Structures are given as structure tokens and as C-alpha cells.
Amino acid sequence: MMLEIAKLTARDLPAAMHLSTQAGWNQIEADWARLIDLEPDHCLAGWMGCRIVATATLIRYSSRMGWVGMVLVDTEYRGRGFGGQMMDAVLELADQSNVAVLGLDATDAGRPLYVKRGFVDIAGINRRVIAGEDRTDFTGCDIALREQNWAGLLALDREVLRVDRSAFLKRLAGESVVRVIHGNERLIGFGFRRHGRLADQIGPVVAESVDAGRMLIQSLASRQESEPARNVLLDTFRDSALSEWFESMKFPTIRRLMRMIRGENCAESMSRPNVFAAAGLELG
Ligand SMILES: CC(C)(COP(=O)(O)OP(=O)(O)OC[C@H]1O[C@@H](n2cnc3c(N)ncnc32)[C@H](O)[C@@H]1OP(=O)(O)O)[C@@H](O)C(=O)NCCC(=O)NCCS
């Protein structure tokens, strides 16, 4: 039997969830649904008979820049070339829509697939955890997102990332706690926190200064006594200006990944000192 590759649809959410959960990943159905809603033609399922055994997704942040994620193969079907076939199918979709630069965050298992297809390492990613019991109440100078903050938020994101994530960020905001920081009457930082399967996840956090980035993370990690003491994850650059602070706060690294890029302007993309937490491994 051959692997048949088709679009991943909302009907396939339970099968997709089965694969990410089997791999021990933190995504919930909303994470898959968001990708499918934003990119209905660029999320793929690999079928063996009547069963989905593989997935891969692509989200485009501009006409030239996209992010590959959710590269998963059922444990029973690994080592048969299916991961490679899913990657080739996603790369073909990217080519068809003229996406010249592709990024992804690679696990050790996935990295050989990507190296073979021209991806190069650009930055180490540390997934860190903040233990639920360490999450205390914190009142900084941050505020909840208001409608009038959107223009400033999107402008800062565009300036730092040099892509347009507005559709994605607006969707994510509906599923997240969002905090913003102002300085001199201007928005100088923002951060999101959303629900996850095993832990909640902070990201993206983008700010003009290290202090603003740290304050946003403190605020997003904080919890009131009435809230459950869930762990919180965040995906940070290994060379982040906050690395020492993370260590001093005892936010240990629980997974190490490699951010990889394929295409022109390799060093440019999505690896910025002003990004204090990535949106997520499947999102950049
Ligand atoms: C990463 C993953 C998708 C690979 O899927 P797969 O179907 O096993 O991959 P393939 O069979 O296409 O193999 C990819 C390469 O790894 C090699 N490989 C596969 N299984 C291997 C094994 N057990 N030992 C050594 N090499 C192996 C293959 O030889 C192949 O290299 P080649 O193209 O040069 O022959 C799968 O292991 C997985 O779902 N892992 C958990 C989730 C994950 O980490 N995803 C990647 C996110 S970035």
C-alpha cells in the first residue's frame, strides 16, 4: 500500500490530535484547527487505507515567507520514507505559491529530513518550563490588549519579524491572554499565552527592550490564586538576552530544537533579538 497525501480538514482533527499526542506534543485541537482555518490548502494528511498516519502543515506569513510544522508520522509507520514524502509534498505546495523562504524548528528526529532538503541551521531553540507552583501574582506596568492597541501591535510585529502575521495574530488573540506594554505613549511590546494539552504556552513575545520582554513574560507567567497551577512553556532562542534571567529564575530547558531555514536571506528570518518567545514550534 502506498501513502496517499490529501488535504487535512476539520474532519481529521481527532486523527491529527492522535498523532501529536502520541509524539508527546503539547498541541490541542484548537492549534490544529487554527492551521487548517488559516491555511485550508496547505495542511496535509498522509493516508494508509482509511487511516491518517502522517501530517505536515505550512503557514504563510507573506508572499515569500512560510513556516513548516506538524511533521508527524505514526510510530508504527516510521522509517518507511513517509516523513520524507510529507516534506516533499509541503515543499511542492510552497513552490506552487512562490514561497521562497521556509523556516521550521527541528527535533533531532526531524533534522536529517530537512538537511537533505536544503535547510540550514540558524539558531538553537530552548523550550523552557515554568513550574505551576512558581507562578505567583505579578503586577507590572502591563495592560490587557484593547482594540485601539492593534495597529501598534501589528506595526511592532512587522518591524521586528519583517513579515505580516496579522491574520495569524488576530486569530491567536481570540484564543489567548494578550498583554501589551507602552512606553512614551507607544506600544513597545506584546505577549500571548494560550492553553495547551500538558501545559499552557507563552508566545509570541516581541518587545523593543529586554526589560519589556522580561516584564511581559513575568506577567504572562503569573497567576492569581484562583487559577489552576498549570506549568507554562515558552520557546526561546538559545542566545536570548534573557537566557541568564531564565536560568536565575529556574525556568529550565526541557527540549532543545534547531531553527532551520531554506531559501534566500537565510540569516534574516525569524531569529531576532527582540523575539523573547516564539509563537510555537509549528508557527515560528
Ligand atoms: C521525524 C519523523 C516525521 C520522520 O518520519 P519517518 O517517516 O520515520 O521518516 P523517513 O522514513 O522519511 O526517514 C527520514 C530519514 O531518516 C532516516 N531514518 C528513518 N528512521 C530511522 C531510524 N530508525 N534510524 C536511523 N535513521 C532513520 C531515513 O533513512 C531517512 O533518511 P533518508 O531519506 O536519507 O533515507 C518521525 O520520526 C516522527 O514523527 N517523529 C516524532 C515527531 C517529530 O519529531 N517530528 C519532526 C518535527 S521537526
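See the structure shown above.
Everything in this summary refers to the structure shown in the same document. (Residues numbered from 1 in each chain as written. Predicted model: local features only at pLDDT ≥ 70, side-chain atom pairs only at ≥ 80, totals over all residues. Heavy atoms only, no water.)

1. Thoughts on the site of the ligand
If you check the shell around the ligand, you find 19 residues, and the closest are Val71, Gly79, Gly81, Gly83 and Thr107. Burial of the ligand by the protein chains amounts to 62% of its free accessible area of 930 Å². Using a 2 Å cut-off from the grid points, one finds that the ligand occupies the largest pocket. Within the residue set of the shell around the ligand, elements represented by two or more residues are strand 4 (65–73), helix 3 (82–96), strand 5 (101–106) and helix 4 (111–116). (Near = heavy atom within 4 Å. Areas by Shrake-Rupley, 256 points an atom, 1.4 Å probe, with all protein chains shown as cover. 1 Å grid on protein atoms, 1.4 Å probe; cavity = no way out; pocket = protein on both sides within 12 Å on 5 of 7 lines; lining within 4 Å. Sits in = over half its atoms within 2 Å of the grid points. Helix = DSSP H or I, 4+ residues; strand = E, 2+ residues; numbered from the N terminus.)

2. Examining the layout of surface pockets
Of the voids in this model, the largest pocket is the one considered here, and its volume is about 650 Å³. Looking at the largest pocket, it is lined by 35 residues, and the ones nearest its centre are Trp25, Val71, Leu72, Thr107 and Gly110. In terms of residue count, strand 4 provides more of the lining of the largest pocket than any other element does, 6 residues in total. For the lining of the largest pocket, the class distribution of residues is 15 nonpolar, 12 polar and 8 charged. (Points joined across faces, edges and corners; volume = space filled by probe spheres on them. Nonpolar A, V, L, I, M, F, W, Y, C, P; charged D, E, K, R; others polar.)

3. Considering unusual backbone geometry
Of all residues except glycine, most have a negative phi; of all peptide bonds, most are trans. Of note, the bond from Gly203 into Pro204 is cis; its omega dihedral lies within 30 degrees of zero at 0°. For Pro204, the position within the fold is in strand 10 (residues 200–207). Here Met70, not a glycine, exhibits a phi torsion of approximately 55°, which is positive. Along the polypeptide, Met70 turns up in strand 4.

4. Here we look at the pattern of salt bridges
With the rule as written, the count across this model stands at 19 salt bridges. The partner of Glu175 in a salt bridge is Arg34, with the nearest N and O atoms 2.7 Å apart. Note that Glu175 is positioned in the loop between helix 6 (166–173) and strand 8 (176–183) and Arg34 in helix 2 (residues 29–38), a separation of 141 residues in sequence. Members of the salt-bridge network, linked through shared partners, are Asp31, Arg34, Asp37, Arg171, Glu175 and Arg194. (Salt bridge = Lys/Arg side-chain N within 4 Å of Asp/Glu carboxyl O.)

5. Concerning the packing of aromatic side chains
Throughout the structure, instances matching the rule amount to 7 aromatic pairs. Its end group placed over the ring of Trp150, Lys170 keeps NZ or CZ at 5.2 Å from the ring centre. (Phe/Tyr/Trp six-rings, centres within 6.5 Å; stacked < 30°, edge-to-face > 60°. Lys NZ or Arg CZ within 6 Å of the ring centre and 35° of its normal.)

6. Quick look at helix 7 (residues 210–221)
Helix length check: helix 7, at 12 residues, gives a terminal C-alpha distance of 16 Å against a target of 16 Å (1.5 Å per residue), a fit within 8%. What helix 7 keeps buried is the set Ala212, Gly213, Leu216, Ile217, Ser219, Leu220 and Ala221. (Expected span 1.5 Å × (residues − 1). Buried < 20%, exposed > 50% of the residue type's maximum accessible area, 1.4 Å probe, protein only.)

7. Comments concerning the environment of Arg51
In this fold, Arg51 is placed in strand 3 (residues 51–60). Taking C-alpha positions, Arg51 is 8.1 Å from Ala15, a pair spaced 36 residues apart along the chain. Here Arg51 is in contact with Gly46, Asp74, Glu76 and Tyr77, once residues within four sequence places are set aside. (Contact = heavy atoms within 4.5 Å.)

8. A few points about helix 6
Here helix 6 has its buried residues at Phe168, Leu169, Leu172 and Ala173. Axial view of helix 6: buried residues confined to an arc of 130°, hence all on one face. Looking at the packing, one finds that the buried side of helix 6 touches helix 2, strand 3, helix 5 (150–161), strand 8, strand 9 (186–194) and strand 10. (Arc of directions from axis to C-beta.)

9. Quick notes on the environment of Met70
For Met70, a relative accessible area of 2% translates into the label buried. Apart from residues no more than four positions distant in its own chain, Met70 is found in contact with Trp25, Gln27, Trp32, Leu35, Thr55, Ala56, Thr57 and Glu282.

10. Things to note about empty space enclosed by the protein
In total, this model carries 1 cavity of 30 Å³ or more according to the counting rule given. The volume enclosed by the largest cavity comes to roughly 50 Å³. Lining of the largest cavity is provided by 11 residues; of these, Leu161, Arg165, Val275, Ala278 and Gly284 occupy positions nearest its centre. Split into classes, the residues belonging to the lining of the largest cavity amount to 8 nonpolar, 1 polar and 2 charged.

11. Comments concerning the side chain of Arg194
Position of Arg194 among the secondary structure elements: in strand 9. For Arg194, the side chain forms a polar contact with the side chain of Asp31, separated by 3.3 Å. Of note is the side chain of Arg194, whose polar atom sits 3.0 Å from the backbone oxygen of Ala279. Sequence-distant contacts of Arg194, defined by excluding residues within four places in its chain, comprise Asp31, Arg34, Leu172, Glu175, Ser176, Asp200, Gln201, Gly203, Ala279, Gly280 and Leu283. (Polar contact = N/O pair within 3.5 Å; in protein donor to acceptor, adjacent residues only side chain to side chain.)

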